Amino acid sequence: GAGVSQSPSNKVTEKGKDVELRCDPISGHTALYWYRQSLGQGLEFLIYFQGNSAPDKSGLPSDRFSAERTGGSVSTLTIQRTQQEDSAVYLCASSETSGRGTQYFGPGTRLLVL
Amino acid sequence: EDKVVQSPLSLVVHEGDTVTLNCSYEVTNFRSLLWYKQEKKAPTFLFMLTSSGIEKKSGRLSSILDKKELSSILNITATQTGDSAIYLCAVEKTSGTYKYIFGTGTRLKVLA
């Protein structure tokens, strides 16, 4: 596609439910990143995929968070047993490869946990 | 610990004013510094500054990298209401797995 796409654009869920957020990176980009941005805050790094290497999960805030990247392309971020503090905008970005310039961001998924 | 600090945190100006946003960094193995504009959700790329390209300009926006002072500024002249956004600074490293360190951003509001 022309850019990074994410779905859904908005998600409202109840506390305790699981949610899945999807990211389609730019075709050919080997690096994919997930970030979380709470209201009025900067970007909080969550997880990073580079090609077929093991992902860097150092930013995941708890074991309720996990992510997969299938076939080196589409990625899914899963949050289990959601909590109200998980409410935020979840941004995905991709780049040609890590350490080679700019990342391109998707429009984000706004998650609201009631 | 690597860190990127932006100032001010927020800024309110009137149309036509000139603003200067600051980004300072303490990062090992620096490769480049990037500026993004975030209006709603997705940050959009503005500039990338490296040792070989320490000054960039695009229309009313310009940016300079000072590697000696470990900082960068983003200037916006003749501001317009459409410039209202969060401006993010990020530093890209040459080493490590995850290589981007983001600042918390400067929230700019331009009043008509």
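Parameters at a glance
Residues numbered from 1 in each chain as written. Chains lettered and ligands numbered in written order. Predicted model: local features only at pLDDT ≥ 70, side-chain atom pairs only at ≥ 80, totals over all residues. Heavy atoms only, no water. Pairing = 2+ DSSP bridges. Helix = DSSP H or I, 4+ residues; strand = E, 2+ residues; numbered from the N terminus. Axes fitted to C-alpha atoms, helices over the stretch in contact; angles between N-to-C directions. Salt bridge = Lys/Arg side-chain N within 4 Å of Asp/Glu carboxyl O. Buried < 20%, exposed > 50% of the residue type's maximum accessible area, 1.4 Å probe, protein only. Core = buried A, V, L, I, M, F, W, Y, C linked by side-chain atoms within 4.5 Å.

Focus: the sheet that holds strand β6 (residues 65-69) of chain A
Two modes of strand pairing occur in sheets, parallel and antiparallel, and in both the strands are linked by backbone hydrogen bonds. Residues and elements named next belong to chain A. Pairing is antiparallel across the open sheet formed by four strands, whose spatial order is β1-β3-β7-β6. Every other strand in the sheet has two partners, leaving β1 (5-7) and β6 as the edge strands with one partner each. Each neighbouring strand pair of the sheet contributes to a mean axis angle of 15°, computed without reference to strand direction. Pairing between β6 and strand β7 (residues 75-79): five bridges, direction antiparallel. Counterpart to E68 in the pairing with β7 is T76.

Considerations on the pattern of salt bridges
The full count for this structure, using the stated rule, is seven salt bridges over all chains. A salt bridge links A:R64 to A:D86, with the shortest nitrogen-to-oxygen separation between them at 2.8 Å. Here A:R64, found in the loop between β5 (44-50) and β6, pairs with A:D86, found in the loop between β7 and β8 (88-95); they are 22 residues apart in sequence, far enough to count as distant. The buried category is assigned to A:R64, whose relative accessible area is 12%. Its relative accessible area of 1% is what places A:D86 among the buried residues. Of the charged contacts, one joins B:K37 and B:E39 as a salt bridge, the two residues approaching to 3.9 Å between their closest N and O atoms. You can call B:E39 exposed: its relative accessible area is 52%.

Description of the nonpolar core
Counting 23 residues, the largest nonpolar core has B:V4, B:Y25, B:L33, B:W35, B:Y87, B:V91 and B:L108 as its most contacted members. Contributing elements (two or more residues each) for this core: β3 (19-26), β4 (30-38), β5 (43-49), β7 (61-66), β8 (71-76), β9 (85-93) and β11 (106-111) of chain B. If you look at the next biggest cluster of nonpolar residues, it comprises 20 residues, including A:W34, A:I47, A:I79 and A:C92.

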